[in-house]
Amino acid sequence: MSTLLQAMLSQSVSGQFLTMREVSRFSAAEIRQTMADLVGSNHIELADALSAAGLSLYPESEDILAISALLAEIKRDWTTAEQLLTQLMTQQGQHTTPFTWRHLIRVLRCQCEPGKALLMAKKAIAAYPEDDILRDEFLSLQELVSEQMPVAASTQLH
């Protein structure tokens, strides 16, 4: 068990949380791993508090952005997940991973925004045309959007 995880769990017993100063002694990677451990042991509230501290300390850390986005997805906080994934994509730039694209598309679907999800899927397959999951997602969204917005039937002239 990591030092940060031990400290988080022992503080939570007394209803307290580590101070920012205490959390700042740990790297972004240590915070990410501790968040994953907390989620794994179903301590979502502690993971959420550590996410806030991590984002405050390391706002441009891909580790913190990614795990915080996943935590937001677990909590079904789709707006926060979208915001964090968008920030992560900004950090990753042209090296945005298929994993990040897939999660953003999923979040947009969960927000009932298939048109926006389709646009993201189109960008994703342009970046990763060989990714079967992204291609399947694009085709599925394309079908869904076309069902929701049927093309008007042409009138026949007699």
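Figured I'd write up the structure that's included with this text.

Calculation rules
- Residues numbered from 1 in each chain as written.
- Predicted model: local features only at pLDDT ≥ 70, side-chain atom pairs only at ≥ 80, totals over all residues.
- Heavy atoms only, no water.
- Helix = DSSP H or I, 4+ residues; strand = E, 2+ residues; numbered from the N terminus.
- Rg over C-alpha atoms; globule rule 2.2 N^0.38 Å.
- Buried < 20%, exposed > 50% of the residue type's maximum accessible area, 1.4 Å probe, protein only.
- Contact = heavy atoms within 4.5 Å.
- Salt bridge = Lys/Arg side-chain N within 4 Å of Asp/Glu carboxyl O.
- Core = buried A, V, L, I, M, F, W, Y, C linked by side-chain atoms within 4.5 Å.
- Disulfide = S-S within 2.5 Å.
- Axes fitted to C-alpha atoms, helices over the stretch in contact; angles between N-to-C directions.
- Left-handed = near helix turned anticlockwise from the far one by under 90°.
- Nonpolar A, V, L, I, M, F, W, Y, C, P; charged D, E, K, R; others polar.

Helix and strand counts for the chain come out as nine helices and zero strands. Start at the N end of the chain and walk to the C end: the helices and strands fall as α-α-α-α-α-α-α-α-α. A compact globule built from 158 residues should have a C-alpha radius of gyration of about 15 Å, whereas the chain, at 20 Å, is more than 25% larger. Counting only C-alpha atoms and orienting by the principal axes, one finds that the chain spans roughly 80 × 30 × 25 Å. Evaluated residue by residue, the chain yields a buried proportion of 36% over its 158 residues. Taking contacts inside the chain between residues at least 6 apart in sequence as the whole, the part at least 24 apart equals 56%.

A complete count under the given rule lists seven salt bridges for this structure. The residue Arg135 makes a salt bridge to Asp132 at a minimum N-O spacing of 2.3 Å. With Arg135 and Asp132 both in helix 9 (residues 132–148), this residue pair falls three residues apart, about one helical turn. The partly exposed category is assigned to Arg135, whose relative accessible area is 33%.

Mapped onto the elements of the fold, Ile67 is located in helix 5 (residues 62–74). Look at Ile67 and you get buried, because its relative accessible area is 15%. Each C-alpha atom of the pair Ile67 and Arg32 lies 6.2 Å from the other, and the pair is 35 residues apart in sequence. With residues near it in sequence (within four places) discarded, Ile67 still touches Arg32, Met35 and Ala36.

For Arg76, which is not glycine, the phi dihedral falls at a positive 60°. Along the chain, Arg76 falls in the loop between helix 5 and helix 6 (78–92). With relative accessibility at 64%, the residue Arg76 sits in the exposed group. Phi at Cys112 is positive, roughly 60°, even though this residue is not glycine. Mapped onto the fold, Cys112 is located in the loop between helix 7 (98–110) and helix 8 (114–127). Residue Cys112 is classed as exposed on the basis of its relative accessible area of 66%.

Let us look at the nonpolar core. Side chains of a nonpolar character, in soluble globular proteins, are inclined to be buried together. The biggest cluster of nonpolar side chains holds 25 residues, and the ones touching the most others in it are Leu85, Trp101, Leu104, Ile105, Met120, Leu134 and Leu141. For this core, the secondary-structure elements that each account for two or more residues are helix 5, helix 6, helix 7, helix 8 and helix 9. Residues within four places of Ile105 in sequence aside, it is in contact with Ala117, Met120, Ala121, Ala124, Leu134, Glu137 and Leu141. Counting residues in hydrophobic clusters, the runner-up holds 18 residues, among them Leu5, Met8, Ala47 and Ile64.

Enumeration over the complete set of coordinates arrives at zero disulfides. Lacking any disulfide linkage, Cys110 is separated from the closest cysteine sulfur, that of Cys112, by 8.1 Å. Taking relative accessible area as the criterion, Cys110 reaches 31% and is therefore assigned partly exposed.

A separate point is the side chain of Glu73. Structurally, Glu73 is set in helix 5. Contact partners of Glu73, with chain neighbours within four places excluded, come to Trp78, Ala81, Leu85, His103, Arg106 and Val107.

So, about the packing of helix 8 against helix 9. Describing two packed helices takes the angle between their axes plus the distance from one axis to the other. As a packed pair, helix 8 and helix 9 sit with axes 9 Å apart at the nearest point and diverge in direction by 150°. The chirality of how helix 8 crosses helix 9 is left-handed. Listed contacts from helix 9 to Pro114, Gly115, Ala117, Leu118, Ala121, Lys122, Ala124 and Ile125 of helix 8 are Leu134, Arg135, Phe138, Leu141, Gln142, Leu144, Val145 and Gln148. Here the contact of helix 8 with helix 9 is composed, by residue class, of eleven nonpolar, three polar and two charged.

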